[in-house]
Amino acid sequence: MTAELDPQTFKDAAAFAPDHGTANDLQYIAELIKRYNDDADVEVLQEAAAILNDVIPHIRETL
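A brief structural summary. Everything quoted here is computed from the prediction, not taken from an experiment.

Topic: the pattern of salt bridges
Counted according to the given criterion, the structure contains two salt bridges. Arg 35 serves as the salt-bridge partner of Glu 31, at 3.8 Å between the closest nitrogen and oxygen. Pair noted here: Glu 31 and Arg 35 are both in helix 2 (residues 20-37), with a separation of four residues, about one helical turn. Judged by its relative accessible area of 36%, Glu 31 is partly exposed. For Arg 35, a relative accessible area of 36% gives the class partly exposed.

Put into structure tokens, the structure is as follows:
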């Protein structure tokens, strides 16, 4: 059994992103999580995590 992740969290975060590129990345993460919730392979979730790892430092720089 797997827990369903909430893509809305990343959609909401995109609204507060410091730039369009970061917002697009967060929206894409939300889409990947939605695909994972719809029974995509774990590789989709790994891609989302990799993108998030790239985005977090950028967000921290702008705070």
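Let's talk about the side chain of Thr 22
Inspection of the secondary structure assignment puts Thr 22 in helix 2. At 3.3 Å, the side chain of Thr 22 and the side chain of His 58 are in polar contact. What Thr 22 contacts, discounting residues up to four positions off in sequence, is Ala 17, Val 55, His 58 and Ile 59.

Points about the nonpolar core
Phe 10, Leu 26, Ile 29, Leu 32 and Ile 51 are the most contacted members of the largest nonpolar core, which totals 13 residues. Elements supplying a minimum of two residues to this core: helix 1 (8-15), helix 2 and helix 3 (42-62). Sort the elements by how many residues they give to this core and helix 2 lands first, with six residues. The contacts of Leu 32, once residues within four sequence positions are left out, are Val 44, Glu 47, Ala 48 and Ile 51.

Concerning the packing of helix 2 against helix 3
With their axes 9 Å apart at the nearest point, helix 2 and helix 3 run at an angle of 160 degrees to one another. Taken together, the axis directions place helix 2 and helix 3 in an arrangement best described as roughly antiparallel. The handedness of the crossing between helix 2 and helix 3 is left-handed. Listed contacts from helix 3 to Thr 22, Asp 25, Leu 26, Tyr 28, Ile 29, Leu 32, Ile 33, Arg 35 and Tyr 36 of helix 2 are Val 42, Val 44, Leu 45, Glu 47, Ala 48, Ile 51, Leu 52, Val 55, His 58 and Ile 59. Residues belonging to the contact of helix 2 with helix 3 are distributed by class as follows: 14 nonpolar, two polar and three charged.

The rules behind these values
- Residues numbered from 1 in each chain as written.
- Predicted model: local features only at pLDDT ≥ 70, side-chain atom pairs only at ≥ 80, totals over all residues.
- Heavy atoms only, no water.
- Salt bridge = Lys/Arg side-chain N within 4 Å of Asp/Glu carboxyl O.
- Helix = DSSP H or I, 4+ residues; strand = E, 2+ residues; numbered from the N terminus.
- Buried < 20%, exposed > 50% of the residue type's maximum accessible area, 1.4 Å probe, protein only.
- Polar contact = N/O pair within 3.5 Å; in protein donor to acceptor, adjacent residues only side chain to side chain.
- Contact = heavy atoms within 4.5 Å.
- Core = buried A, V, L, I, M, F, W, Y, C linked by side-chain atoms within 4.5 Å.
- Axes fitted to C-alpha atoms, helices over the stretch in contact; angles between N-to-C directions.
- Parallel < 35°, antiparallel > 145°, perpendicular 65-115°, else oblique.
- Left-handed = near helix turned anticlockwise from the far one by under 90°.
- Nonpolar A, V, L, I, M, F, W, Y, C, P; charged D, E, K, R; others polar.

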